[in-house]
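# Inside the fold
Read off the chains here:
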Amino acid sequence: MKLSTLRRAALLPSALALLLAASACAPSSAPAGTATSPSAPSTSDAHGIDAGAAAEVATPALALAIADRDGEVMLLDLASEERSTLAVADSDVTGVFGDGRLVFRAHADGDEASVEVIDSARWTMPHGDHTHSFRGEPRSLGRIEGDGEVRATTSGQRTTVAFAGGDLVLLAHDDLGETVDATPRLVVDASGPVMPFADRLLVPTAGSSIEIFDLSGDPAPGEGAACTGASDADTTRVGAVFTCDSGAVLFTREVGGALAAEPIPFPVEAPPSTTLSGRADRPDLAGVAGEVGAWLLDVRERRWTLLRSEVPLIRAVALGDDGSRTAALDIDGRVRVLAPDGEVLVRTEPLLAASVADPDLRDRVQLVVDARHAYLTDPASGSVHEIDHRDGRVARTFTDLDPWFVQQVG
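Residues numbered from 1 in each chain as written. Predicted model: local features only at pLDDT ≥ 70, side-chain atom pairs only at ≥ 80, totals over all residues. Heavy atoms only, no water.

## A look at the pairing of strand S29 (residues 335-338)
Along S29, one buried face is formed by Val335 and Val337 and the opposite face, lined by Arg336 and Leu338, is buried too. As defined by bridge partners, strand S28 (residues 326-330) adjoins S29 across four bridges and the pair is classed as antiparallel. When the bridges of S29 are listed, Thr326 appears paired with Leu338. Connecting the antiparallel pair S28 and S29 is a turn made up of four residues, with Gly333 showing a positive phi of about 90°. Bridging between S29 and strand S30 (residues 344-347) involves three bridges; their strand directions are antiparallel. Each residue of the ladder has a partner; that of Val337, found in S30, is Val346. The loop that links S29 with its antiparallel partner S30 comprises five residues; one of these, Gly342, has a positive phi angle of about 95°. (Buried < 20%, exposed > 50% of the residue type's maximum accessible area, 1.4 Å probe, protein only. Helix = DSSP H or I, 4+ residues; strand = E, 2+ residues; numbered from the N terminus. Pairing = 2+ DSSP bridges.)

## Re the state of the cysteines
Applying the stated criterion across every chain, the model contains one disulfide. Across the disulfide, Cys227 is cross-linked to Cys244 (sulfur-sulfur distance 1.9 Å). Disulfide Cys227-Cys244: the torsion about the S-S bond is -105°, which places it as left-handed. Of this pair, Cys227 sits in the loop between strand S19 (225-226) and strand S20 (232-235) while Cys244 is found in strand S21 (residues 240-244), placing the two residues 17 residues apart along the sequence. As far as the burial class goes, Cys227 and Cys244 line up, both buried. (Disulfide = S-S within 2.5 Å.)

## Focus: unusual backbone geometry
What is expected of a backbone is that most residues other than glycine have negative phi and most peptide bonds are trans. Located in the positive-phi region is Asp199, a residue other than glycine, with phi close to 60°. Position of Asp199 among the secondary structure elements: in the loop between strand S16 (195-197) and strand S17 (200-205). Overall, Asp199 belongs to the partly exposed group, its relative accessible area being 38%. You will see that Ser324, though not glycine, has its phi angle at about 50°, which is positive. Looking at the secondary structure, you find Ser324 in the loop between strand S27 (313-318) and S28.

## Thoughts on the environment of Asp388
Topologically, Asp388 is positioned in strand S33 (residues 383-388). Taking C-alpha positions, Asp388 is 9.8 Å from Val369, a pair spaced 19 residues apart along the chain. Polar contacts involving the side chain of Asp388 include one to the side chain of Arg390, which spans 2.8 Å. (Polar contact = N/O pair within 3.5 Å; in protein donor to acceptor, adjacent residues only side chain to side chain.)

## Notes on the environment of Arg362
Relative to the helices and strands, Arg362 is located in helix H2 (residues 359-362). Sequence spacing of Arg362 and Asp378 is 16 residues, and the spatial spacing of their C-alpha atoms is 8.9 Å. In this view, Arg362 contacts Ile314, Arg315, Ile331, Ser355, Val356 and Ala357; residues no more than four positions away in its chain are not counted. (Contact = heavy atoms within 4.5 Å.)

## Thoughts on the sheet that holds S21
As summarised here, the arrangement of the four strands in space is S20-S21-S22-S23, forming an open sheet in which the pairing is antiparallel. Single-partner strands in this sheet number two, and they are S20 and strand S23 (259-265). Ignoring which end each strand starts from, the neighbouring axes of this sheet average 20° apart. Sheet topology note: the S21/strand S22 (residues 247-253) ladder contains five bridges and is antiparallel. When the sheet's bridge partners are listed, Ala240 is paired in S22 with Phe251. (Axes fitted to C-alpha atoms, helices over the stretch in contact; angles between N-to-C directions.)

## Some words on the nonpolar core
What tends to happen in soluble globular proteins is that the nonpolar side chains get buried as a cluster. With 28 residues, the main nonpolar core has Val73, Val96, Leu102, Phe104, Val117, Ile144 and Leu171 as its most contacted residues. Those residues in contact with Leu102, other than ones at most four positions away along the chain, are Phe97, Val117, Ile118, Asp119, Leu141, Leu171, His173 and Leu176. (Core = buried A, V, L, I, M, F, W, Y, C linked by side-chain atoms within 4.5 Å.)

## Considering the packing of aromatic side chains
Under the counting rule described, the total for this entry stands at six aromatic pairs. Arranged with centres 5.6 Å apart and planes meeting at 25°, the rings of Phe97 and Phe104 form a pair that is stacked. Pair check on accessibility: Phe97 and Phe104 agree, each one buried. Chaining the aromatic ring pairs together yields one cluster made of Phe266, Trp295 and Trp304. Positioned above the aromatic ring of Trp123 is the side chain of Arg101, whose terminal nitrogen or guanidinium carbon lies 3.6 Å from the ring centre. (Phe/Tyr/Trp six-rings, centres within 6.5 Å; stacked < 30°, edge-to-face > 60°. Lys NZ or Arg CZ within 6 Å of the ring centre and 35° of its normal.)

## Some thoughts on a negative patch on the surface
On the surface, Asp109, Asp111, Glu112 and Asp147 cluster together into a negatively charged patch. Summarising the element assignment, Glu112 is placed in strand S8 (residues 112-119). A relative accessible area of 53% places Glu112 in the exposed class. (Patch = residues over 30% accessible without salt bridge, like charges linked within 9 Å, V, L, I, M, F, W, Y side chains within 5 Å. Areas by Shrake-Rupley, 256 points an atom, 1.4 Å probe, with all protein chains shown as cover. Salt bridge = Lys/Arg side-chain N within 4 Å of Asp/Glu carboxyl O. Lys, Arg positive; Asp, Glu negative; His and termini not counted. Charge placed at Lys NZ, Arg CZ, Asp CG, Glu CD.)

## Some remarks on the pairing of S20
Bridge count between S20 and S21: four bridges; the pairing is antiparallel. Considered in S21, the bridge of Ala233 is made with Phe242. Connecting S20 to the antiparallel partner S21 that follows it, the hairpin turn spans four residues.

## Focus: the pattern of salt bridges
Overall, the coordinates contain 24 salt bridges when judged by the stated rule. For Arg300, the salt bridge goes to Asp284, with nearest N and O atoms at 3.9 Å. Placement of Arg300 in the loop between strand S25 (293-298) and strand S26 (303-308) and of Asp284 in strand S24 (residues 284-289) is noted, with a sequence separation of 16 residues between them. Looking at Arg300, the relative accessible area reads 43%, which means it is partly exposed. Looking at Asp284, the relative accessible area reads 1%, which means it is buried. Between Arg347 and Glu310 there is a salt bridge, and its shortest N-O distance comes to 3.8 Å. Taken together, the residues span a long stretch of sequence, with Arg347 in strand S30 and Glu310 in the loop between S26 and S27 at a distance of 37 residues.

Quick look at the structure:
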């Protein structure tokens, strides 16, 4: 089996649709309300990392990309609390998602679809035993055209943007240039998320297995794996993890470059999770286990642990720290931090009582974590809470928002 390959220009003018804010790092002479592109020459650090026009910074330039129900995307700088507009509202926006650097805004017009790609120009990349952080000027990279619903899956510095109609676009952060005009495409018959991993593509096919291809669409060395109902895919420090009906499948890179697959079946103690979440480049993932509690997957040990809860949980995200803690939102609207044996280490007040009481708003609530904080969206009050997950203290609450999507970048 070979994935069909094609290249085509799929860029539509989007300068009128996007308002990109000038970064605080560098002044801009562009008129307000227009997309901007870097004017500085590409730069590389001492390790040879090409950051384009972005500057390397001492600490991550963290920000929240927040979208409202009309599709307007705003960038909230977490150091200065400055707010700037990345994209203005549009009536045909069907979804907004991100990969920790890029923000994607999906549009639909009948069966036709497109995705705007916005570079926040803030990112951190691991480099052995340390990391490098960069910050530049946000910019529009244009639109990608396709058919059907859109899904983005990220691993490291690559993201796949897959359309239900079969087209798949592979975005490599280091090769983005100024537009997505010449980005190569594949035609993929995928039945789940397509993960870029270790210079390969992991493709769920026919709803029952995951096959391995190279970036050109040719079969690659390594054995595929059985996986019925692939519903989610995540990258951890150990390898790539797919969530399947019967458990997880872990892909790791062997000596010589071939990929190996290993199943990690769900125990039968509680319902399985359909999605797993955790911090990027960390070894743990977590997901809700029906009304019983949460599942914690220690990818290093290939082990599931059931974190039982006396009240149902709505969201669960692994912190991936030395204590193997998990942050969770319960049905009462409280954030809990759980030990690996399920003990409640931290519990907040019911911050989201109104949002969790409304089924429509409950589905919109998002929980995002970093090394120190959890960010919890509250659609009912129009706010985002920043919670110190060491002690449960609400450090800040950002108000006057309509948070229907949130993604941390930087």
